[in-house]
Amino acid sequence: MKRVTLNTLRDCKARGEAFSCLTAYDATLARCADSAGIDVLLVGDSLGMVLQGHASTLPVTLEDIRYHTKCVARGKQRSLLMVDLPFMSNADTGQLLRDAGELMRAGAELIKIEGEAWMADGIRELSRRGVPVCAHLGLTPQSVHQLGGFKVQGKAADDAERIVQDARLLVEAGASVILLECVPRVVGRAVREAVDAPVIGIGAGPDVDGQILVMHDTLGLSSGYVPRFVQNFLKGQESIEAAFGAYDEAVKSRRFPAEEHCF
Ligand code: KIV
Ligand code: NA
C-alpha cells in the first residue's frame, strides 16, 4: 500500500488522471472509504450540518474538528487526510497558525482554508512552517450569510475572472491545492488551466483534477434539498464500501460528474 501524498495528486494532474475525495468524520466510515480507494478524506466543517444538524457550518468549533480528525486518522491508512479550519480561525495570523498546528498534531496532512486573495499572507505563513494548504474558492459556506445563501458563484464574467486570479495568487503564496465549490463548468476548467496545483471540484464540473462530495450525499442521505451536483452511489450496490468504490470508479473514469451535475 502506497500512501497518498501531495505528490500523488500532482502526478495525477500531470498525467490527466482524476483522483477521488470524500468527506469523513469517523473511524469506521473512514476505513471503508480508504479501502474503497478514495484518495483524499476531508474532515469538513460540513459536520456541523450532517452530524450536528445545524443549518450552516458556522457553529463548528476547533475542538469539534479536532475530535473528528483524531477519529478519522485512526481509521484511515492510505488516503491523504485533509482537514477544514473552522469559521473565524482566520481572525488573525497567530490564531490561524495555532489552530492549524492543533489540527496537524491531531493527524491532518493538508489544511483547507476558505478565503480569497486576502488569505495569501496567512497561507504563506502556514506553508513556510511546513503546513500544506488547500485554498477553498467559489462558494465558501462560512460566508453563507454574506453570500445570501448557498448559491453558484462566478456566473458573471468579472466574478469568474476574480476566482481565477485568486487561485493564481493563492498558489503563488504557497497553496498546494485549490478546491472550487459550485461554479460553472467553464470556471472549473479555467482555474485548472491557470494553476499548476491540483484543483478539486464540488459542483465545479468534470474539467478539474479531482472530485469531492459529502459522504452522506453519496449514500442518498441528503435530507430535504438535494444539490444538483450530488449522486446517490448506494443505488444498485449492496454495501457502503461498494458505494464508495462505485463513486471512486465513476470519478476516475470521468463518468462523474456528468452533464446533469454541472452549472
Ligand atoms: O466541509 C465540507 O464538507 C467541504 C466540502 C463540501 C468541500 O468543505
Ligand atoms: Na468545509
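For the structure, see preceding data.
Below you will find a few notes about this structure. (Residues numbered from 1 in each chain as written. Chains lettered and ligands numbered in written order. Predicted model: local features only at pLDDT ≥ 70, side-chain atom pairs only at ≥ 80, totals over all residues.)

## A few points about the site of ligand 1
So, step 1. Lining the immediate surroundings of ligand 1 are T23, L42, G44, D45, S46, D84, L179, E181, I202, I212 and V214.
So, step 2. When the residues that make up the shell around ligand 1 are grouped by side-chain class, the tally is five nonpolar, three polar and three charged. (Near = placed C-beta within 6 Å. Nonpolar A, V, L, I, M, F, W, Y, C, P; charged D, E, K, R; others polar.)

## Description of the pairing of strand β1 (residues 19-23)
So, step 1. Taking burial as the measure, the five residues of β1 include five buried ones, the bulk of the element.
So, step 2. With burial as the criterion, each face of β1 is covered, one bearing F19, C21 and T23 and the other bearing S20 and L22.
So, step 3. Pairing between β1 and strand β2 (residues 40-43): three bridges, direction parallel. Bridge assignment links L22 to a residue of β2, and that residue is L41.
So, step 4. Each parallel crossover has a hand, and the one from β1 via helix α2 (residues 27-35) to β2 is right-handed. (Buried ≥ 20, exposed ≤ 12 C-beta atoms within 10 Å, placed from the backbone. Helix = DSSP H or I, 4+ residues; strand = E, 2+ residues; numbered from the N terminus. Pairing = 2+ DSSP bridges. Right-handed = clockwise from strand over helix to strand, strands pointing away.)

## Some remarks on the packing of helix α6 (residues 120-128) against helix α8 (residues 157-173)
So, step 1. Between α6 and α8, the shortest axis-to-axis distance is 8 Å and the interhelical angle comes to 30°. It follows that α6 is roughly parallel to α8 by the angle criterion. Regarding α6 and α8, the two cross each other, and that crossing is right-handed. Only L169, L170 and A173 of α8 make contact with α6, whose side of the interface consists of A120, I123 and R124.
So, step 2. Tallied by class, residues from the contact of α6 with α8 come to five nonpolar, no polar and one charged. (Axes fitted to C-alpha atoms, helices over the stretch in contact; angles between N-to-C directions. Parallel < 35°, antiparallel > 145°, perpendicular 65-115°, else oblique. Left-handed = near helix turned anticlockwise from the far one by under 90°. Contact = placed C-beta atoms within 7 Å.)

## With respect to unusual backbone geometry
So, step 1. Backbone torsion omega between F256 and P257 reads 0°, so that peptide bond is classified as cis.
So, step 2. Relative to the elements of secondary structure, P257 occurs in the segment after α11 (240-252).
So, step 3. Backbone geometry places M88, a non-glycine residue, at a positive phi of 75°.
So, step 4. Locating M88 in the fold gives a position in the loop between β3 (80-84) and α5 (93-105).
So, step 5. Of note, the phi angle at C182 is positive, near 50°, even though the residue is not glycine.
So, step 6. Its place among the elements puts C182 in the loop between β6 (177-181) and α9 (185-194).
So, step 7. With 22 C-beta atoms packed within 10 Å, C182 lands in the buried category.

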